[in-house]
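Structural description and commentary
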Amino acid sequence: MTERELRKLRRTELLELLVEQGRIVERLQKEVTALRAEAEERRINIDKAGSIAEASLSLTKIFEDAEEASKLYLENVERLSQDQNRVNAAREEESKKKAEQLIMMTAKKCREMEAATAQKCRQMLNAAAKKAAEEQA
């Protein structure tokens, strides 16, 4: 608007223009505040990061540390696995020996029971034959 057009406006129209201008100023002030906060945040982030090179070096160090930690972990897992395999092999050998002993003891008991049963059968047969002979005589 030109100055001449402004002079022709009524008071209410001028007040409306002032109110509208106030709203625009307020909105722009909020935008400026937000942009300043964003700029400050970026500055802080840049200060924290230092530079891209420093950040890259930092990340490289982190990856190197992680790789070293994973190597140590895998070595420990391998060592524990080997230890466990040795323990398992020893237990298996011990179990086999115990099983063989139990089989031998069971076989011995079976032979003893078979011999005792055979002897008892012979005694019963002899007793039955004797009784049969006595009844016939």
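In short, a report on the structure. This one's a predicted model, so the numbers in the text were calculated from it and none came from an experiment.

As for the overall build of the protein chain
The helix and strand inventory of the protein chain stands at three helices and zero strands. If you list the helices and strands of the protein chain from N to C, you get α-α-α. In terms of overall size, the protein chain is more extended than a compact globule, its C-alpha atoms giving a radius of gyration of 52 Å where 137 residues would be expected to give roughly 14 Å. Considered along the principal axes of its C-alpha atoms, the protein chain spans approximately 165 × 45 × 15 Å. By residue count, 0% of the 137 residues in the protein chain fall in the buried class. Here the protein chain carries 27 positive and 27 negative side-chain charges, and the mean point of each set is 6 Å from the other.

Re the pattern of salt bridges
The final tally for this structure, using the stated rule, is eight salt bridges. Arg23 serves as the salt-bridge partner of Glu20, at 3.6 Å between the closest nitrogen and oxygen. With Glu20 and Arg23 both in helix 2 (residues 11-49) and three residues apart, the pair spans about one turn of that helix. On the basis of relative accessibility, which here comes to 36%, the residue Glu20 falls in the partly exposed class.

Considering a nonpolar patch on the surface
Together, Leu59, Ile62 and Phe63 line one region of the surface with nonpolar side chains, adding up to about 330 Å² of accessible area. Along the chain, the position of Phe63 falls in helix 3 (residues 52-136).

Regarding a negative patch on the surface
A contiguous patch of negative charge on the surface is contributed by Glu64, Glu67, Glu68 and Glu75. Position of Glu68 among the secondary structure elements: in helix 3. Accessibility expressed as a relative area gives 43% for Glu68, which makes it partly exposed.

Cut-off values and rules
Note on numbering: residues in each chain are counted from 1, in written sequence order. With pLDDT at 70 or above as the cut-off, local features in this predicted model cover only qualifying residues; side-chain atom pairs require 80 or more to be listed or tallied, and sums for whole chains, interfaces and linings still use all residues. To get the side-chain values, all heavy atoms of the structure are used, and hydrogens and water are removed first. Only DSSP runs of H or I reaching four residues or more are called helices, and only runs of E reaching two or more are called strands; each is numbered from the N terminus. We compute the radius of gyration from the C-alpha atoms alone; for a globule the expected value is 2.2 Å times N to the 0.38, where N is the number of residues. Think of it in three bands: residues with accessible area under 20% of the maximum for their type are buried, residues over 50% are exposed, and the middle band is partly exposed, with areas taken using a 1.4 Å probe on protein chains only. Positive charge is attributed to Lys and Arg, negative charge to Asp and Glu, and no charge count is given to His or to the chain ends. A charge is said to be at NZ when it belongs to Lys, at CZ for Arg, at CG for Asp and at CD for Glu. A carboxyl oxygen of Asp or Glu within 4 Å of a side-chain nitrogen of Lys or Arg is what we treat as a salt bridge. Patch criteria: residues need more than 30% relative accessible area and no salt bridge. Like-charged residues are merged within 9 Å; nonpolar side chains of Val, Leu, Ile, Met, Phe, Trp and Tyr are merged within 5 Å. For the accessible areas, the method is Shrake-Rupley and the probe is 1.4 Å, while residue cover comes only from the protein chains on display.

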